[in-house]
Amino acid sequence: MAYITFDTDKCKGCGVCADNCPQTLISMDEERMNALGYRPAVFADPEGRCKGCKICAEMCPDICIEVYK
Amino acid sequence: MAYITFDTDKCKGCGVCADNCPQTLISMDEERMNALGYRPAVFADPEGRCKGCKICAEMCPDICIEVYK
Amino acid sequence: MYYDVMMAGFGGQGILMIGDLLALTAMNEGRHTTWMPAYGVEMRGGTANCTVVISDKRIGSPITARPHSAVIMSKPALQKFAPRVRPGGVLVANASFMKPEDAGRDDLQSVFIPAVDLATELGNERTASMIALGAYIEKTGVVTLEDAVAALDSTLPEKRKKLLPINVAALERGRDFVRNGK
Amino acid sequence: MYYDVMMAGFGGQGILMIGDLLALTAMNEGRHTTWMPAYGVEMRGGTANCTVVISDKRIGSPITARPHSAVIMSKPALQKFAPRVRPGGVLVANASFMKPEDAGRDDLQSVFIPAVDLATELGNERTASMIALGAYIEKTGVVTLEDAVAALDSTLPEKRKKLLPINVAALERGRDFVRNGK
Amino acid sequence: MALTLTKGNEAIAEGAIHAGCRFYFGYPITPQNDIPEYLAREMPKIGGTFIQAESEIASINMVLGAAAAGARVMTSSSGPGVSLMQEGISYLAGSELPALVVYISRIGPGLGGIAPTQGDYKQVTSGGGHGDYYTIVLAPASVQEMFSLTIKAFELADKYRNPALLLCDAILGQMKEPVEIGPRPDFKDISLPDKPWALNGNAGRKSNLIKSLYLGDGEMEVQNWMLFDKYNKMKQEDTYFETTDVDDAELLVVAFGSCSRMAQTGIDMAREQGMKVGMLRPISLFPFPEKAVAELSARIPKVLVVEMNTGQMYKDVKVNLDRAADIHLYARPGGGLPTPDDVLEEIKKIY
Amino acid sequence: MALTLTKGNEAIAEGAIHAGCRFYFGYPITPQNDIPEYLAREMPKIGGTFIQAESEIASINMVLGAAAAGARVMTSSSGPGVSLMQEGISYLAGSELPALVVYISRIGPGLGGIAPTQGDYKQVTSGGGHGDYYTIVLAPASVQEMFSLTIKAFELADKYRNPALLLCDAILGQMKEPVEIGPRPDFKDISLPDKPWALNGNAGRKSNLIKSLYLGDGEMEVQNWMLFDKYNKMKQEDTYFETTDVDDAELLVVAFGSCSRMAQTGIDMAREQGMKVGMLRPISLFPFPEKAVAELSARIPKVLVVEMNTGQMYKDVKVNLDRAADIHLYARPGGGLPTPDDVLEEIKKIY
Amino acid sequence: MSENITPATGPKKIMGRPKCLNDVTFHFCPGCNHGNVHKMIGEAIDEYGIQDRTIGVAGVGCGVFLYNYVDVDVLEAPHGRACAEATGINRVHPDKIIFTYQGDGDLAAIGLAETVHTANRGENITVIFVNNTVYGMTGGQMAPTTLLGQKSTTSPYGREFMGDGYPIKMCEMLATLEGTAFVARVACDTPKNLMTAKKAIKKAFKMQIDQMGFSFVEILSTCPTNWGMTPQQAYKRVAAEMIPYFPLGIFKERTTADYM
Amino acid sequence: MSENITPATGPKKIMGRPKCLNDVTFHFCPGCNHGNVHKMIGEAIDEYGIQDRTIGVAGVGCGVFLYNYVDVDVLEAPHGRACAEATGINRVHPDKIIFTYQGDGDLAAIGLAETVHTANRGENITVIFVNNTVYGMTGGQMAPTTLLGQKSTTSPYGREFMGDGYPIKMCEMLATLEGTAFVARVACDTPKNLMTAKKAIKKAFKMQIDQMGFSFVEILSTCPTNWGMTPQQAYKRVAAEMIPYFPLGIFKERTTADYM
Ligand SMILES: Cc1ncc(C[n+]2csc(CCOP(=O)(O)OP(=O)(O)O)c2C)c(N)n1
Ligand SMILES: Cc1ncc(C[n+]2csc(CCOP(=O)(O)OP(=O)(O)O)c2C)c(N)n1
Ligand code: SF4
Ligand code: SF4
Ligand code: SF4
Ligand code: SF4
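Because the structure is a prediction, the values reported are computed rather than measured.

**A closer look at unusual backbone geometry**
Then comes step 1: For the bond from Thr30 of chain F to Pro31 of chain F, the omega torsion is 5 degrees, close enough to zero to count as cis.
Then comes step 2: Tracing the backbone shows Pro31 of chain F in the loop between strand 2 (23–26) and helix 2 (34–42).
Then comes step 3: A cis amide bond, omega 5 degrees, links Gly108 of chain F with the succeeding residue Pro109 of chain F.
Then comes step 4: As for its position among the elements, Pro109 of chain F is in the loop between strand 5 (99–105) and helix 6 (121–125).
Then comes step 5: One non-glycine residue with positive phi stands out, namely Glu96 of chain E, at about 55 degrees.
Then comes step 6: By secondary structure assignment, the location of Glu96 of chain E is in the loop between helix 5 (86–94) and strand 5 (99–105).
Then comes step 7: According to the relative accessible area criterion, Glu96 of chain E is buried, its value standing at 17%.
Then comes step 8: Positive phi values are uncommon outside glycine, yet Arg161 of chain F reaches one of about 45 degrees.

This is the structure in structure tokens:
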């Protein structure tokens, strides 16, 4: 029952969270650009695989991720 | 048949030569002061003990000593 | 004649490059010209802009607070610079990222061109600003497209010459958009 | 009244100290005074000198190119400074290291005092300059010897007070030499 | 000759190469980084040396060493970096060594910002560092002049054995303009002056010594007057300025560098409106065109100084002004630009 | 109060202690070493800090840190060392931090020599470093003033949140004179201004920030004008000078620092010979007594500037001179001293 | 601890923004580790509850805007001199927690003398050293830590020993000085390295709190922009090129304060 | 060899003034080792016959008057920057022999960054470093090399680690840099040490002649004046206090030039 949220306005689309998510639940939004001109990260966990391991949040250079559990 | 000469005008009476002469043939002139206001070193070797070992000349910080042999 | 144009967008969109190309073309056409970038801000903001002035006479300031025209490729840039364009001036804006309303004024001769979409159609997203330049040239007539192509050709080093056709296509696509309204 | 005196000799002879004492005495007597050393030459030359000015009025320059008097303790200093003393001025010189001829002029009120020899007699070679100061004070009357002794007393820290008698003796020896010519 | 569209900073770098400068030592700082970056690329190609020093202090001292060794040598920097070089510049002047320091100003004091400014005028024209000395200061107003005055600055530095500064701002440094730059000459075709005083080993001659310490009685006074005479000679032989439209002028605008361009446009606008306005543009800031100011202000009794600072050149104009003339100032510090409209406005006020 | 025979440099150091300065950071250089040496001895006794920094650059930056932390803090140096501090001084001004820099001049440029000089006048009065700023500059002329103006300089620095300089030469620094120095006050009895802007942890308040970087559009222009207003306020409220014998004078001598003493004796001699000569002695070199020059020269149309350099203050006098007045210069750079006789000679020439 | 525990009964926030960091967007480029370092500093400050007695000194480089992000008193130092500023502050407020934040140009080129002498004096401060082998702020010039062969705008043909010198290893140099209490090199390229980095930064602050002397943490960091790389490539380069030359680890750790 | 052999048949001069030294009196104080160092430099120059292609750079300190004594081209550098000047000269004249002459204040305090970076660049120059644990020229202030407890005019109560830092060991620090070719510490207090010192100085010049890179010799020296000692006491102090803290020896010696 864990999940993460993004502060999408701050996201720079660097993909570091996605690269490090052990469950590969994060991807880059190919559709949308945020106000900074970046394609932000999005979280998709239809199967509820997120363990709240916090790795994405630890690794995000821009402190965009909050982790809930 | 070795001996040394002093450039007395340059001597600063530091006594380093005297301190290091293995034969103790050098002393400071108690009588005289040179133009710099120092009591210069003097060489006295009545018994011809100087071996020309060059130590005094090597050690003199002011290059006052010439060694002959 | 005297023209000045402010060009602005995100870093990486090729803003400085199209400004440079415009100035070079003007020079080759025998005009006085200056190109002035907003330079190394000692900070990383992800924005880029430059000003090009073209004139028949010796040019004073290469910077202008109130440009006669603008080529705008990003929404933040539109918000910042659209208000500065002189009334009645020319605005070429990247409609892929913004709507005419975003300019906040309707007293300009505006061309909203979906440059990124058109570029993607051409097969290279990075030619969007070249498309915008084509549109600007067509709209203002400040230089000829032929001279711009020649200038571009002259600056491409041998091993990058293969990029010429797509960029020429982009310039023309921009021109055609203005001519045909699509 | 206005007096100035240049004091000079080898480093270590106590030149700066006697200058300081003279200035302090003058201050205690209610005069204006300045003491100015030739300072840290950023080189080691083994020389020392200072200038003391004493006056009833506010003092302008604490340095003087042409002093009214001089106290000279070494031969190089004599050669350098004797020519600068104003004609008719006072010269107190250390006869232990130099002869009256070395001054190269005879228009001064000179006292050649064998200060080092007298100091050795007193039992402390280092009091030579104090002897010279005694002679200078006697010769010029610029301050009184009593005030000089009091000033000296006031500057000696408690644990060095034992040096007072020999220094007083030195000052007096200098005075007596001037008074008695020996 | 063919025109190329060239960036000001790069015109300086290329000018240095044309002048025969083969040694560059510098440290990065905005807004002049194009200069070291250009030379890092080009120097190796022509047998020159580019060193990024560990600091501006190291830079200016490497410059001092290379200058003493007889080379044409330069560095470039901006505000904080040039402040750090002041000891070294003073030593260059005291040791009578020629070198070029390119100064692309940024706003100050402190870290300030990187916008264009002329706020370093008083620093450079007062010598900058400690002691009684001055540096030659040239102030280009176009990319073409950035090229040509760089060469001139090297020549003057050598002529006077004195450091020379090229003072520009970020407008000039960053902008591109069409310029005429001839083909790069071969090093052997560049005529460089003999430097018999240079340090290169004493083979066949007495040892050379380059120093600025003078402890002998009166030696430094002689030295200071000698420098003073040199500065007077500069005033007589190498004062540079440009005048436009002064013959019939009733108002004289004085401005230098990029600021003079905006002022010129303002003047053009005033002329269109029938006002007789002329311009004096100092090109050498030291020596300052003192006589030109005196003579022109005797004829044109209204003078307007336009500067991108709080009024620094103003003092140099005022001190040389004809007694009867009136002086006004339009000043914009901190990156504020005196636009042609602003200048026109000021002209109208006092015309 | 009792008189003591005190060395100028030591009077400065003691003045700093009286002013409540408990932090000194500096690097040795002749002729000011008595200051650090005195404070190395005394600071530990009164709970103060003395640090010999690794360089003048480290010194001025430690000063910047301590000033930001809210302390009264000082450094001292001479020519080459002060040149190295120019970046830091510009940052102090840009960050609006109060601190005292004591400048005991030596002859320059370069390593020069250690004789007395006023050759650093233009450096200090032009701000020194990069950007549009000035420092307060006070110039004592006696050991007594070295004590009292040190205290004053600290007060002005705090009043304006601006660096202050005390400019002296080796004559003043090395000489001893009778001075009145009261007993050393307890630190708690010294009234120091509140510094709510200082950095000491944000407990109970918003975080404080001390910086000089302003990148926002127009921010630096505001900043520069704000500083400009501050300098104008200094001009109005804290310009210091002394006049003697000006009421009936027909010739005005302008001189500062140790030079003014020799000039004064020269004037006394002239008066004895029946010449009506007066003196203006600027005490604050920045702000310069502009109005005093203008007003006095309007009344006394002959002005003689006497300086121990090639003529630096001359420009400040000239630029403020009444239009009708004539100005003359007697200049002695490089350790040359304008003796009273020399000054008298000059007075005679132009009287 | 720094986590803000949400009081609700549902899922709780177990990780987010450190309390002492302002809620604003970093100006750093995508994939730049400067952000990570800021976050770790914020976590350390939160952890020890020292926000209201911490003073930061920002060196000039991409990290100069420290004050926009970390909500503590901050001084902006001239380029390279942060350690001198920190010394001045430390002498005035020996009871406060003082840290500098410096890049490799700032700390190891222009500021080398200040860095070494401050370490040698054993100033009780913490130095956070962001080593990205390049001058970021000014546009990618060579730094003292630029690797041999690495291209930069001022080493366009790759750094060469002759002329440019070897990349300098600051940890190794500083560890030889008596004055240093804690010297460590860390990286943020993998979750594991990042956790070690967090610990090292906390440790450095703890050392200072315990008055142990000069503590120093070098963080090997990415600069995708000036390396001309994507964030992904940049993270790989840290492991592939930087760590082999700049080995990670603790180079010195004083265990008692008895050196005083 | 440097000795001037007198042609007569009687006793021959077997030791005197090196050829390249001017026949003038040193301005140094009695018992100051600066004179010895000058002589050893002169001997090295004579030995290799390089007088006419040697360029000296004088640091500011008691050794600044180098040019009065050594008859070669000389540049007087600003205090602390001799290595930067030497770099400039070396780049213009890579074929000349360039040496700097610097005191401990000059080289290790104000000039530290220039010294370290020049060594790191492996400039092919020779640095002669006279360490007398004090600022001589300016009157005896504390130097970076002043020993703990040593009194100086700016450490009147003796140098303390807290506040003043530890005495810095330059040889040890420089030897860790790749750029250095030869790093040695020597003394002149005894005939034996002096002979080793002579060898080290010659070796340093030889290294440069062979294009091996940066060579560095630290000479532990007396400053009787500012130590407040007689020459005799000063010589004893070198052995009793300095050598134990600053061990003599060769810290690095490159044997091939293949580092290039
Ligand atoms: C005295 C001075 N010199 C140069 C500069 C220009 N400058 C600003 S930041 C910087 C270097 C930045 O590199 P680094 O310290 O490695 O930090 P990064 O930006 O890579 O994080 C330089 C040279 C300056 N501000 N001041
Ligand atoms: C920039 C600068 N700062 C300070 C000085 C003053 N100064 C001259 S020599 C010297 C230090 C001398 O000590 P050291 O280098 O150890 O040499 P030594 O005299 O002991 O041989 C200093 C601080 C200076 N000339 N320039
Ligand atoms: S790591 Fe952070 S900034 Fe990067 S893509 Fe993920 S959420 Fe966005
Ligand atoms: S060592 Fe030299 S200077 Fe010293 S006493 Fe002997 S001869 Fe004289
Ligand atoms: S330039 Fe480099 S260091 Fe600076 S913010 Fe961008 S990625 Fe980070
Ligand atoms: S002060 Fe010291 S180092 Fe200088 S010459 Fe004298 S003894 Fe030698």
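**Thoughts on the site of ligand 2**
Then comes step 1: Taken together, 24 residues sit near ligand 2, with Glu56 of chain F together with His34, Cys62, Asp104 and Gly136 of chain H positioned nearest.
Then comes step 2: Neighbouring residues of ligand 2 are not confined to a single chain but are spread across chains E, F and H.
Then comes step 3: Between an oxygen atom of ligand 2 and a side-chain N or O atom of Asp104 of chain H, the distance comes to 2.3 Å.
Then comes step 4: The separation between an oxygen atom of ligand 2 and a polar main-chain atom of Val134 of chain H is 3.1 Å.
Then comes step 5: For ligand 2, the protein covers 100% of the area, taking 590 Å² as the surface of the free molecule.
Then comes step 6: Per element, the largest residue contribution to the shell around ligand 2 is four residues, and it comes from helix 4 (residues 104–110) of chain H.

**Digging into the relation of the copies chain E and chain F**
Then comes step 1: Laying chain E over chain F is done by rotating through 180 degrees and shifting 0.0 Å along the axis; what remains is an RMSD of 0.0 Å. Accordingly, the operation relating the two chain copies is best matched by a two-fold axis. By C-alpha distance to the rotation axis, the residue of chain E lying nearest is Val319 of chain E, at 2.4 Å.
Then comes step 2: A share of 100% of interface residues in chain E that are also interface residues in chain F marks the association as one of identical surfaces.

**Quick notes on the sheet that holds strand 4 (residues 73–77) of chain E**
Residues and elements named next belong to chain E.
Then comes step 1: An order of 3-2-4-5-7-6-13 is seen for the seven strands of this open sheet, with the pairing classed as mixed. Edge positions in the open sheet fall to strand 3 (49–52) and strand 13 (284–286), since each of these has one partner strand only. With direction set aside, neighbouring strand axes in the sheet form an average angle of 20 degrees.
Then comes step 2: Note: strand 6 (residues 136–138) against strand 13, two bridges, orientation antiparallel. Across the sheet, residue Val137 finds its bridge partner in strand 13, namely Phe286.
Then comes step 3: Against the sheet, helix 2 (residues 34–42) makes contact with strand 2 (23–26), strand 3, strand 4 and strand 5, and its axis sits at roughly 140 degrees relative to strand 4, the strand it touches most.

**Quick notes on the nonpolar core**
Then comes step 1: Within the largest apolar cluster, 405 residues are counted, with the highest numbers of intra-cluster contacts made by Met74 of chain E together with Met74 of chain F.
Then comes step 2: Those residues in contact with Met74 of chain F that sit more than four places away from it in its chain are Ile12, Ala16, Cys21, Phe23, Tyr24, Phe25, Ile35, Leu39, Val63, Leu100, Val102 and Phe154 of chain F.

**With respect to the arrangement of the chains**
Then comes step 1: Contacts between protein chains span 16 pairs of chains, and they are most numerous for chains E and F.
Then comes step 2: At the level of C-alpha atoms, the two units chain A and chain D stay apart, their nearest approach being 55 Å.
Then comes step 3: Chain H makes no contact with chain C, the minimum C-alpha separation between the two being 25 Å.

**Section: the side chain of Asp158 of chain E**
Residues and elements named next belong to chain E.
Then comes step 1: One can find Asp158 in helix 7 (residues 143–160).
Then comes step 2: A residue is classified by how much of its surface remains accessible, and Asp158, at 12% relative accessible area, is buried.
Then comes step 3: Once residues lying within four places of it in the same chain are set aside, the contact partners of Asp158 are Arg72, Pro98, Pro193 and Lys195.

**Focus: the pattern of salt bridges**
Then comes step 1: Summed over all chains, the structure comprises 102 salt bridges over all chains.
Then comes step 2: The partner of Glu237 of chain E in a salt bridge is Lys159 of chain E, and the shortest N-O contact between them spans 2.9 Å. Pair noted here: Glu237 of chain E is in helix 9 (residues 219–237) and Lys159 of chain E is in helix 7, with a separation of 78 residues, a long-range link.
Then comes step 3: With a shortest N-O distance of 3.2 Å, Arg81 of chain H and Glu114 of chain H are connected by a salt bridge. With Arg81 of chain H in the loop between strand 3 (73–76) and helix 3 (82–92) and Glu114 of chain H in helix 5 (residues 112–120), the pair connects residues that are 33 residues apart, well separated along the chain. The same class applies to Arg81 of chain H as to Glu114 of chain H, namely buried.

Rules behind the numbers
- Residues numbered from 1 in each chain as written.
- Chains lettered and ligands numbered in written order.
- Predicted model: local features only at pLDDT ≥ 70, side-chain atom pairs only at ≥ 80, totals over all residues.
- Heavy atoms only, no water.
- Helix = DSSP H or I, 4+ residues; strand = E, 2+ residues; numbered from the N terminus.
- Buried < 20%, exposed > 50% of the residue type's maximum accessible area, 1.4 Å probe, protein only.
- Near = heavy atom within 4 Å.
- Polar contact = N/O pair within 3.5 Å; in protein donor to acceptor, adjacent residues only side chain to side chain.
- Areas by Shrake-Rupley, 256 points an atom, 1.4 Å probe, with all protein chains shown as cover.
- Least-squares fit on C-alpha atoms with pLDDT ≥ 70 in both.
- Contact = heavy atoms within 4.5 Å.
- Pairing = 2+ DSSP bridges.
- Axes fitted to C-alpha atoms, helices over the stretch in contact; angles between N-to-C directions.
- Core = buried A, V, L, I, M, F, W, Y, C linked by side-chain atoms within 4.5 Å.
- Salt bridge = Lys/Arg side-chain N within 4 Å of Asp/Glu carboxyl O.

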